[in-house]
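What the coordinates show
So you can see what is in the structure, the chains are spelled out below.
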Amino acid sequence: MLQMNTVDAPVRMGRSTGADEPGRNLRRRWTVITILLASTFFLEAVFAGAMLSGSSWARGAHAATAMVLVASTFAAGLLGLFTLRRFQHGRRLGLTLLSLSAAAFVQAALGSLSAKGANLTWIHVPLGVALVTLSGLAALSARRLDGSR
């Protein structure tokens, strides 16, 4: 079905012709990657809550998940900068993920210092909330990737 847009050029509605398929597949992959990262950031908050509730297993899970998040977010950011350089909003997503990785590293350092007795929980907890929110925004950003530049 054809429909006219505001500049009276035909726009094909419905099934794509395949020309935009590589961009669509890449957008789907990055949406999945960023949703997994956002879910893991949320899981990290669940482990923090379990730890604060007194569950002994949660401290190890919280620390291990923090390391996984720093490494995987950094790797995703580097990969994003490389694979998305020709996509509109691709560079922004890569830089967002690298920034998220740096913030997660600072968060992990604050958590480690807090575990050793430093009075830094007052900043560790709100930064964790911000990281969950920012990771969700990165997932939304992945959905905006476009093959045109």
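Higher on the page you've got the structure.
Residues numbered from 1 in each chain as written. Predicted model: local features only at pLDDT ≥ 70, side-chain atom pairs only at ≥ 80, totals over all residues. Heavy atoms only, no water.

**Overview of the nonpolar core**
Formed by 17 residues in total, the largest nonpolar core has its most connected members in Trp30, Phe41, Leu84, Leu93 and Leu97. Of all the secondary structure elements, the ones that give two or more residues to this core are α1 (21-52), α2 (57-83), α3 (90-115) and α4 (121-143). Not counting the four nearest positions on each side in its chain, Leu93 is found in contact with Trp30, Thr34, Leu84, Ala138, Ser141, Ala142 and Leu145. (Core = buried A, V, L, I, M, F, W, Y, C linked by side-chain atoms within 4.5 Å. Buried < 20%, exposed > 50% of the residue type's maximum accessible area, 1.4 Å probe, protein only. Helix = DSSP H or I, 4+ residues; strand = E, 2+ residues; numbered from the N terminus. Contact = heavy atoms within 4.5 Å.)

**Looking at a nonpolar patch on the surface**
On the surface, Phe42, Leu43 and Val46 cluster together into a nonpolar patch covering about 270 Å² of accessible area. Assignment of secondary structure puts Leu43 in helix α1. Taking relative accessible area as the criterion, Leu43 reaches 37% and is therefore assigned partly exposed. (Patch = residues over 30% accessible without salt bridge, like charges linked within 9 Å, V, L, I, M, F, W, Y side chains within 5 Å. Areas by Shrake-Rupley, 256 points an atom, 1.4 Å probe, with all protein chains shown as cover. Salt bridge = Lys/Arg side-chain N within 4 Å of Asp/Glu carboxyl O.)

**Details of the packing of aromatic side chains**
Given two aromatic rings, their pairing is described by the distance between the two centres and the angle made by the two planes. Tallying each qualifying case throughout the model produces one aromatic pair. Between Phe47 and Trp57 the ring centres are 5.8 Å apart and the planes differ by 90 degrees, which places this aromatic pair in the edge-to-face class. Taken together, the residues Phe47 in helix α1 and Trp57 in helix α2 connect sequence positions ten residues apart. Look at Trp57 and you get exposed, because its relative accessible area is 52%. Against the face of Phe82 rests Arg85, its NZ or CZ located 4.7 Å from the ring centre. (Phe/Tyr/Trp six-rings, centres within 6.5 Å; stacked < 30°, edge-to-face > 60°. Lys NZ or Arg CZ within 6 Å of the ring centre and 35° of its normal.)

**Considerations on the packing of α2 against α3**
Contact pair α2 / α3: the axes reach a minimum separation of 8 Å and the direction vectors enclose 155 degrees. Relative to α3, α2 is oriented roughly antiparallel. In this structure, α2 crosses over α3, and the sense of that crossing is left-handed. Seen from α2, the contacting residues are Arg59, Ala66, Val70, Thr73, Phe74, Ala76, Gly77, Leu78, Gly80 and Leu81; seen from α3, they are Gly90, Arg91, Gly94, Leu95, Leu97, Leu98, Leu100, Ser101, Ala104, Phe105, Ala108 and Ala115. Here the contact of α2 with α3 is composed, by residue class, of 14 nonpolar, six polar and two charged. (Axes fitted to C-alpha atoms, helices over the stretch in contact; angles between N-to-C directions. Parallel < 35°, antiparallel > 145°, perpendicular 65-115°, else oblique. Left-handed = near helix turned anticlockwise from the far one by under 90°. Nonpolar A, V, L, I, M, F, W, Y, C, P; charged D, E, K, R; others polar.)

Everything listed here is a matter of coordinates, which is why it stays silent on function.
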